[in-house]
Amino acid sequence: MMASRKRWAWALAWALVLGCMVSFVLLGRVAADDDDDDDDQTPEVIITETGGDTRVTEGGAGDVYTIVLSDVPMATVTVALSPLGGIEVEPSSVAFTPANWDAPRQIAVTAVDDDIAEGAHSGVVAHAVSSLDRRYHGIDVPDVVVQIADDDVAGVSVEPPSLAIAEGGPAGSYRMRLTSQPRGAVTVMVEADGAGLAANPAQLAFDGDTWATPQSVVVTVADDETAMGPRDGVVRHAAASADAGYDGIAIAAVAVSVSDDDLAGVSVAPTTVQVEEDGATDSYEVTLASRPTADVTIRVSSDGQTRTNPTALTFVPSAWNAAHQVTVTAEDDGVEEGDHQGIIDHSIESADAAYDGIAAPSVTALILDKKKPGVRIVESIGSTRVTEGGQGDTYTIE
């Protein structure tokens, strides 16, 4: 009987031992499963961009995205934002607590409105996480790449686009400036193209500080002595810069309208001369009003009442303003005409279109006739003598 009780006691003891061992094994497995669940539940900082991306415009529309936690933290989680590449964010950091961890925080993104022409470019918002909750502290958070539309364009402003100047008159001027801030010095070369045109200065320099300050170019035209008539010219520009946006950029030219203060013309003075048949001669002078671009020949012709010397005058550009003299002599035709007139005309030939064929004044010659019309009495011996009752005398009437 006693032996049977001992066997039962031993059996019960072994059963208790085995039961404890099974319990420990099961508890260990459960604990292991719990640890696995914690590893699978690693928390995140979730970024959600509006429309799937973030786009902003310099001087214009901004954009927003949100930040939220994936799991309740055991302490406050702070996310600091660092904008890079020409963008700004508001706020610069957000904090999540165990009480508001699942409330998304909105981040407003705007572009810095600079003056540099960069074209379409991008910026980045980086995120750094800090917390006493070791699960969140220092975890990686994706950057937000921000697409930026530029509102600046590289260019050169020229105002006004055209000028009107006159020979012998005041100079004209226009102003130039850059339309955006360059990333290096910009040199603009200035070149005038047109008869007598000049532009000063020959080049302008702009940089990151002076790009928006207008600089003036003065345009003048030489007051020459040549009759070229109204004409057009142009001032052209070329740019050189280490900034690729400005190097070789097209720049509008300035159109220049030039009015001339010189006219093609022939001056004759005096326009009336007085000569006498077989007697006194007279003369007049011929001059040009402006310098020709080629020789000018003036042919002198009369109506037969006079003759001239020379019968042709030649003006050369180098001595255009030297007066040429024409001597007028009356033809002694032996005809009793009384005082009368003759006309001397001029015709002009030149390779200079301004002078070729232009009109010149005629000259009127007042001619004193050698033989005066009337009645002449010719006495035979210069006087007429008679004697009473004797010799008489005669005279003739012509």
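What you are looking at is a predicted structure, and each value in this text was computed from that prediction instead of being measured. (Residues numbered from 1 in each chain as written. Predicted model: local features only at pLDDT ≥ 70, side-chain atom pairs only at ≥ 80, totals over all residues. Heavy atoms only, no water.)

**Looking at the overall build of the chain**
Within the chain one finds one helix and 29 strands. A total of 398 residues make up the chain; the buried ones form 30% of that total. Pairs at least 24 apart in sequence give 65% of the contacts found in the chain among residues at least 6 apart. (Helix = DSSP H or I, 4+ residues; strand = E, 2+ residues; numbered from the N terminus. Buried < 20%, exposed > 50% of the residue type's maximum accessible area, 1.4 Å probe, protein only. Contact = heavy atoms within 4.5 Å.)

**Re the pattern of salt bridges**
It is possible for side chains of opposite charge to pair when their charged atoms get near one another. Tallying each qualifying case throughout the model produces nine salt bridges. Put simply, Glu118 and Arg183 hold a salt bridge, and the shortest N to O gap is 3.9 Å. Pair noted here: Glu118 is in the loop between β7 (105-111) and β8 (121-131) and Arg183 is in the loop between β12 (172-178) and β13 (186-193), with a separation of 65 residues, a long-range link. Under the relative-accessibility criterion, Glu118 is labelled partly exposed at 28%. (Salt bridge = Lys/Arg side-chain N within 4 Å of Asp/Glu carboxyl O.)

**Side note on the pairing of strand β24 (residues 312-315)**
The two faces of β24 differ: Leu313 and Phe315 on one face are buried, but Ala312 and Thr314 on the other face are not. Both strand β22 (residues 296-302) and β24 contribute to a ladder of four bridges, which runs antiparallel. Bridging across to β24, Arg299 finds its partner in Ala312. (Pairing = 2+ DSSP bridges.)

**Concerning the side chain of His127**
Among the structural elements, His127 can be located in strand β8. Of note is the side chain of His127, whose polar atom sits 2.9 Å from the side chain of Tyr65. Aside from chain neighbours lying at most four places away, what touches His127 is Ile47, Tyr65, Ile67, Val79, Ala80, Leu81, Val141, Pro142, Asp143 and Val144. (Polar contact = N/O pair within 3.5 Å; in protein donor to acceptor, adjacent residues only side chain to side chain.)

**A short note on the sheet that holds strand β19 (residues 266-269)**
Ordered in space as β19-β21-β25-β23, the four strands form an open sheet in which the pairing is antiparallel. Two strands close off the open sheet at either side, each with one partner strand: β19 and β23 (306-309). On average, each strand axis in the sheet is inclined to that of its neighbour by 25°, with strand direction left out of account. Summarising the sheet, strand β21 (residues 282-288) and strand β25 (residues 324-330) pair through five bridges and their orientation is antiparallel. Pairing of Ser283 across the sheet is with Thr327, part of β25. (Axes fitted to C-alpha atoms, helices over the stretch in contact; angles between N-to-C directions.)

**Considerations on a nonpolar patch on the surface**
Residues Ile377, Tyr395 and Ile397 make up a contiguous nonpolar surface patch of roughly 350 Å² in combined accessible area. Looking at the secondary structure, you find Tyr395 in strand β29 (residues 395-397). (Patch = residues over 30% accessible without salt bridge, like charges linked within 9 Å, V, L, I, M, F, W, Y side chains within 5 Å. Areas by Shrake-Rupley, 256 points an atom, 1.4 Å probe, with all protein chains shown as cover.)

**Regarding the environment of Gln147**
Here Gln147 lies in strand β9 (residues 144-149). Spatially, the C-alpha atom of Gln147 lies 4.5 Å from that of Ser122, the residues being 25 residues apart in sequence. If near-sequence neighbours (up to four positions away) are discounted, Gln147 is found in contact with Thr54, Arg55, Val56, His121 and Ser122.

**Overview of the pairing of β25**
Bridge count for β23 against β25 is four bridges, and the pairing is antiparallel. Paired with Asn309 across the bridge in β25 is Thr327.

**Section: the packing of aromatic side chains**
All chains considered together, the criterion is met by zero aromatic pairs. The side chain of Arg105 reaches across the aromatic face of Phe96, ending 4.6 Å from its centre. (Phe/Tyr/Trp six-rings, centres within 6.5 Å; stacked < 30°, edge-to-face > 60°. Lys NZ or Arg CZ within 6 Å of the ring centre and 35° of its normal.)

**Observations regarding the nonpolar core**
Ranked by internal contacts, the top residues of the largest apolar core, which has 26 residues, are Val156, Tyr174, Met176, Val219, Val235, Ile251 and Val256. Contacts of Val156, omitting those with residues within four sequence positions, involve Met176, Arg177, Leu178, Thr179, Tyr246, Ile249 and Ile251. (Core = buried A, V, L, I, M, F, W, Y, C linked by side-chain atoms within 4.5 Å.)

**Some thoughts on the sheet that holds β13**
Taken together, five strands build an open sheet; the order of strands is β11-β18-β17-β13-β15 and the sheet is mixed. With partners counted over all chains shown, the strands left at the sheet margins are β11 (162-166) and β15 (203-206), one partner each. Taken pair by pair, the neighbouring strands of this sheet meet at an average axis angle of 20°, ignoring direction. Both strand β17 (residues 231-241) and strand β18 (residues 254-259) contribute to a ladder of five bridges, which runs antiparallel. Bridged to Gly233 within β18 is Val256.

**A look at the side chain of Thr226**
Topologically, Thr226 is positioned in the loop between β16 (215-221) and β17. In this structure Thr226 touches Asp260, Asp262, Arg291 and Thr293, once residues within four positions along its chain are discounted.

**So, unusual backbone geometry**
For the peptide bond that leads from Glu90 to Pro91, omega is 0°, which places it in the cis range. Take Pro91: it is sitting in the loop between β5 (87-90) and β6 (93-96).

**Overview of the environment of Ser92**
With respect to the secondary-structure elements, Ser92 resides in the loop between β5 and β6. A relative accessible area of 48% means that Ser92 is categorised as partly exposed. Sequence-wise, Ser92 and His127 are 35 residues apart; in three dimensions their C-alpha atoms are separated by 9.9 Å. When sequence neighbours within four positions are dropped, the list of residues in contact with Ser92 reads Val79, Ala80 and Leu81.

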